[in-house]
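# Breakdown of the fold
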Amino acid sequence: MKTTTALSSLLLAAAPLVTEAHYIFSQLIVNGTPQGKDFTYIRQNSNSYQPSFTSEVMNSPDLRCNKGAKAGSAQTYTVKAGDKVGFKLWFNENIEHPGPGFVYMSKAPGSVNSYEGDGDWFKVMESGLCNGGKANTDASWCTWQKDRIEFTVPQTIPAGEYLVRVEHIAIHESHVGKAQFYMECAQLKVEGPGGGVPGPLVKIPGMYKAADPGIAYNKWTSNPAPYIMPGPAVWTDGATSTKGSISAPAAEEEEAPAEACSAAPVASAAPAAPAAPAAPAAPAAAGGGVGAKATMYGQCGGMNWDGPTACAQGTCTKSNDWYSQCV
Ligand SMILES: [Cu+2]
């Protein structure tokens, strides 16, 4: 399985060096230490940095581990219940789109290496708005400008081999039905005492619907509706914190308790009638005062792009034929 080394080198040479908002979770981190190389333990997607949009993946098996991520393409790493597992972005990228982060797990019937993820999944971590921030402010999202998403392997999770799916949903275009899904799957073997019964269980696809308030969400207003997390409730095994830690690695040791990435509270808030997300009349005109211009780091061009082509901040810069960005 050492062919991954040559592949990584090849991709290294071809990859863009510019900072852009798109991202891929490529590096497994366990208890703060990188394990293997990019995609050693994470199945590599075939769409590179391109996001997968709602219409493409909502009802597709690609919603599991992203396009082109095949069983048998990665190795399996062994962790223990209680370990802190992270997914770091390729090329030291940061998450620079607003939106929530998640981790889901699915137990393979046998070896995860041949498992397609068509069994039951449960959510083990979710991360939404931090410190009571508003959904229309990018920096309010706990994942904003972080280079990884982390979670703690539940203490009582049944031992066995799992697909572990990390996901970030970018919502800056979700008001026009184009949420951007960034997800990858790691292969982990979990050792531990077990005893827990994970749930609620969902299928992927199936756990989201295009019309879910957290998928078809409109952030382009001065008073956005409370953000409701899509998907099932987080499995709480009674022993493990359900809150993800998204803090920078250097700060984790001392500040872990202070990183109050509250995700659950918004779900209990009475969901004010979502502002009809299907009406894209003048998406960016309300509140932000940016008219039809893309915001900093927003997309401003590319094939099939039908959004704004001018930048409210920065200069529209071509990354590739499919993506231009305000930087
Ligand atoms: Cu992007």
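Model, not experiment: these values are computed from the prediction.

### A look at the overall build of the protein
- Helix and strand content of the protein: five helices and 15 strands.
- Nonlocal contacts in the protein, meaning residues at least 24 apart in sequence, comprise 72% of its contacts between residues at least 6 apart.

### Side note on the environment of F181
- Within the secondary structure, F181 is located in strand 10 (residues 180–191).
- A tally of 21 C-beta atoms within 10 Å means that F181 is categorised as buried.
- Once residues lying within four places of it in the same chain are set aside, the contact partners of F181 are P51, S52, V57, L63, E167 and I169.

### Some details on the sheet that holds strand 5 (residues 84–89)
- Spatially, the four strands line up as an open sheet ordered 2-1-5-8, and their pairing is antiparallel. Two strands close off the open sheet at either side, each with one partner strand: strand 2 (33–35) and strand 8 (148–152). This sheet shows a mean twist of 30° between the axes of neighbouring strands, independent of strand direction.
- Taken together, the five bridges between strand 1 (residues 25–30) and strand 5 define a ladder with antiparallel strand orientation.

### Looking at the nonpolar core
- Ranked by size, the top nonpolar core spans 65 residues in total, and within it I42, V103, V124, Y162, V164 and A186 carry the most contacts.
- Here the element with the most residues in this core is strand 10; it accounts for seven residues.
- With sequence-adjacent residues up to four places away left out, V164 is seen in contact with V103, M105, C185, A186 and L188.
- In terms of nonpolar packing, the next biggest core, distinct from the first, is built from six residues, A294, Y297, C300 and C311 among them.

### Here's the deal with the pairing of strand 6 (residues 101–107)
- For strand 6, a buried count of six out of seven residues is recorded, marking the element as mostly surrounded by other parts of the structure.
- Pairing analysis gives five bridges linking strand 6 to strand 7 (residues 122–127), with the strands arranged antiparallel. Counterpart to M105 in the pairing with strand 7 is F122.
- Bridge count between strand 6 and strand 9 (residues 160–170): seven bridges; the pairing is antiparallel. Across the sheet, residue K107 finds its bridge partner in strand 9, namely Y162.

### Description of the environment of A294
- Of note, A294 is situated in strand 11 (residues 293–294).
- With 25 C-beta atoms counted inside 10 Å, the residue A294 sits in the buried group.
- Along the backbone, A294 and T315 are 21 residues apart, and their C-alpha atoms lie at a distance of 9.9 Å.
- Not counting the four nearest positions on each side in its chain, A294 is found in contact with Q299, C300, G307, P308, A310, C311, A312 and C326.

### Here's the deal with unusual backbone geometry
- In this structure, P200 follows G199 across a cis peptide bond, with omega equal to -5°.
- Between I204 and P205 the backbone carries a cis peptide bond, its omega angle lying at 0°.
- Residue placement: P205 occurs in the loop between strand 10 and helix 4 (249–255).
- Phi at F91 is positive, roughly 55°, even though this residue is not glycine.
- Following the sequence through the fold, F91 ends up in the loop between strand 5 and strand 6.

### Re the environment of D120
- Structurally, D120 is set in the loop between strand 6 and strand 7.
- Sequence separation between D120 and L201 is 81 residues; the distance between their C-alpha atoms is 5.6 Å.

### A word on the confidence of the model for the protein
- When pLDDT is averaged along the protein, the result is 81, and 76% of the positions lie at 70 or above.
- Note on residues 1–19: pLDDT under 50 across the span, and eleven contacts to partners over four residues away in sequence or across chains.

Criteria and thresholds
Just so you know, the residues in each chain are numbered from 1, in the order the chain's sequence is written. Confidence filtering applies because this is a predicted model: local features only for residues at pLDDT of at least 70, side-chain atom pairs given and counted only at 80 or more, and all residues used for totals across whole chains, interfaces and linings. Helix numbers and strand numbers start at the N terminus; a helix is a DSSP run of H or I with at least 4 residues, a strand a run of E with at least 2. Any residue pair is listed as a contact if its two C-beta atoms, each placed from the backbone, are within 7 Å. Our exposure labels follow a C-beta count within 10 Å of each residue's own C-beta, placed from the backbone: buried means 20 or more other C-beta atoms, exposed means 12 or fewer, and partly exposed covers the counts in between. When DSSP finds at least two bridges between two strands, those strands are taken to pair. With axes taken as lines fitted to C-alpha atoms, and helix axes fitted only over the stretch in contact, angles between N-to-C directions fall between 0 and 180 degrees. To define a nonpolar core, we join buried Ala, Val, Leu, Ile, Met, Phe, Trp, Tyr and Cys residues through C-beta atoms within 7 Å and take the resulting set. On a scale of 0 to 100, pLDDT captures the predictor's confidence in every residue.

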